[in-house]
Amino acid sequence: MKTKQSISSGQLLFIKKYRRKQITIHLLRIVLLASFIILWEISANTGIIDSFIFSSPSRLIKAFKLYSENGTILSHTLITLEETVICFSIVIITGLIIAVIFWWNEMIFKVFEPFLVVLNSLPKSALAPLFIVWLGTNMKTIVIAAVSVAVFGAVLSLYEHFRQTDQEQIKLIYTLGGSKLQVLIKVVIPANLPFILNIMKVNMGLSLVGVIIGEFVAANSGIGYLILYSSQIFKLDLMILSIIILAFIASVFYIILDLLEKRIIKK
């Protein structure tokens, strides 16, 4: 009983230290962000930086109120969100399916490998004008351009991790009379689940980047279009506000996927 009590006390102490550490980290982040905002505002108000070029927190708040009231921010944000979610879904589903096909038949991968490497290495912004010629300036063009940013890297990464799955576990399934499908379902996918979830985090960011690239060249709506348009007419408050909204969107997506990862891994 004394040993159990000692272990329990040690665990309680560890939990308290861990929580204290996490609270300290969050507080330091808040202090760092607040310090940056305060210094930014002071610098703009005292003329250390040009508030027209660099804006300021107070100007951004006014711009947010103005463009929220006329619906500009909401409408463009919703369009970018829709395109990003569609792109992300296509990248994850397509990436998993193709990676499984390559794992199932390595010869198919050997045939397509050089093409995938080349396509993954191409600067995707160079492909966007070609997509415009083929498909026009619409959401389909933006989604395809965004998918091209992430999908090839996702396929290569997923296949490589599938291939490196513990061979002893795979041999055990075969020894017990299991099929290749059972190896995939019982060993390969579960063993690589943490990596698949991590790939989802990375590809959510890449999907957002791809969507913005597409909106730069092939859109008349969306946050990317708003950034480009506001820079051309020197509405720099709106441009910086749009960039901050993008950062907020990326943070929200990351938090959602991080919570999903913790929930799945826990189960």
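The structure reproduced in this document is the subject of the present report. Please read all numbers here as calculations on a predicted model, not as lab measurements.

## Details of the packing of helix H7 (residues 139-163) against helix H10 (residues 193-218)
Inference 1: Direction vectors running N to C along H7 and H10 enclose 155°, while the axes themselves pass 7 Å from each other. Here H10 runs roughly antiparallel to H7, going by the angle between their axes. The way H7 lies across H10 gives a crossing that is right-handed. When H7 is examined against H10, the residues Thr141, Ile142, Ala146, Val149, Ala150, Ala154, Ser157, Leu158, His161 and Phe162 are found in contact with a partner set consisting of Phe195, Ile196, Ile199, Asn203, Leu206, Ser207, Gly210, Val211, Gly214, Glu215 and Ala218.

## Examining the pattern of salt bridges
Inference 1: The final tally for this structure, using the stated rule, is four salt bridges.
Inference 2: Between Asp237 and Arg59 there is a salt bridge, and its shortest N-O distance comes to 3.0 Å. A residue pair is termed long-range when its members are at least 10 positions apart, and Asp237 in helix H12 (residues 236-266) and Arg59 in helix H3 (residues 57-69) qualify at 178 residues.
Inference 3: According to the relative accessible area criterion, Asp237 is buried, its value standing at 16%.
Inference 4: We classify Arg59 as partly exposed; its relative accessible area is 30%.
Inference 5: In this structure, Asp258 engages Lys201 in a salt bridge whose closest nitrogen and oxygen atoms are separated by 3.0 Å. Residue Asp258 is located in helix H12, and its partner Lys201 is located in helix H10; the two are separated by 57 residues in the primary sequence.
Inference 6: Residue Asp258 is classed as buried on the basis of its relative accessible area of 18%.
Inference 7: The class of Lys201 is buried, set by a relative accessible area of 14%.
Inference 8: Bridged by salt links that share partners, the residues Lys201, Asp258 and Lys262 form one connected network.

## Here we look at unusual backbone geometry
Inference 1: The phi torsion at Ser55 lies on the positive side, around 60°, for a residue other than glycine.
Inference 2: Within the secondary structure layout, Ser55 lies in the loop between helix H2 (51-54) and H3.
Inference 3: Taking the relative accessible area as the measure of exposure, Ser55 reaches 0% and is therefore buried.

## Some points on the nonpolar core
Inference 1: Residues Ile73, Val91 and Trp103 are the most contacted members of the largest nonpolar core, which totals 56 residues.
Inference 2: With 13 residues, the top contributor of residues to this core is H7.
Inference 3: Once residues lying within four places of it in the same chain are set aside, the contact partners of Trp103 are Tyr159, Phe162, Arg163, Lys180, Val183, Leu184 and Val188.

## Topic: the packing of aromatic side chains
Inference 1: Counted according to the given criterion, the structure contains seven aromatic pairs.
Inference 2: The interplanar angle of 40° and the centroid separation of 5.7 Å between the aromatic rings of Phe36 and Trp40 together place this pair among those described as tilted. Remark: Trp40 and Phe36 occur in helix H1 (residues 2-46); sequence separation between them is four residues, near one turn of the helix.
Inference 3: Judged by centre distance (6.1 Å) and plane angle (70°), the rings of Trp103 and Trp104 are edge-to-face.

Thresholds, definitions, all that
Along each chain, numbering runs from 1 in the same order as the chain's sequence is written. Per-residue local features are limited, in this predicted model, to residues with pLDDT of at least 70; the limit for side-chain atom pairs, both in listing and counting, is 80 or more; totals at the level of whole chains, interfaces and linings are taken over all residues. Heavy atoms from the whole structure form the basis of all side-chain values; hydrogens and water molecules are not counted. Angles here are taken between N-to-C directions and fall from 0 to 180 degrees, while the axes themselves are lines fitted to C-alpha atoms, restricted in helices to the stretch in contact. Helix numbers and strand numbers start at the N terminus; a helix is a DSSP run of H or I with at least 4 residues, a strand a run of E with at least 2. Our angle categories are set so that under 35 degrees counts as roughly parallel, over 145 as roughly antiparallel, 65 to 115 as roughly perpendicular, and the remainder as oblique. Take the far helix as your reference; a near helix turned counterclockwise from it by less than a right angle gives a left-handed crossing, and one turned clockwise gives a right-handed crossing. By the convention used here, residues are in contact when the closest approach between their heavy atoms is within 4.5 Å. Note on definitions: salt bridges are taken to be side-chain nitrogens of Lys or Arg within 4 Å of carboxyl oxygens of Asp or Glu. Throughout this description, buried means an accessible area under 20% of the type-specific maximum (1.4 Å probe, protein chains only), exposed means over 50%, and partly exposed covers the range between. As used here, the term nonpolar core means buried Ala, Val, Leu, Ile, Met, Phe, Trp, Tyr and Cys residues forming a set that is joined through side-chain atoms within 4.5 Å. Only Phe, Tyr and Trp rings take part, Trp by its six-membered ring, and two of them pair if their centres are within 6.5 Å. Stacked means planes under 30 degrees apart, edge-to-face means over 60, and tilted covers everything else.

In short, the description is geometric, and any link to function would need to be established separately.
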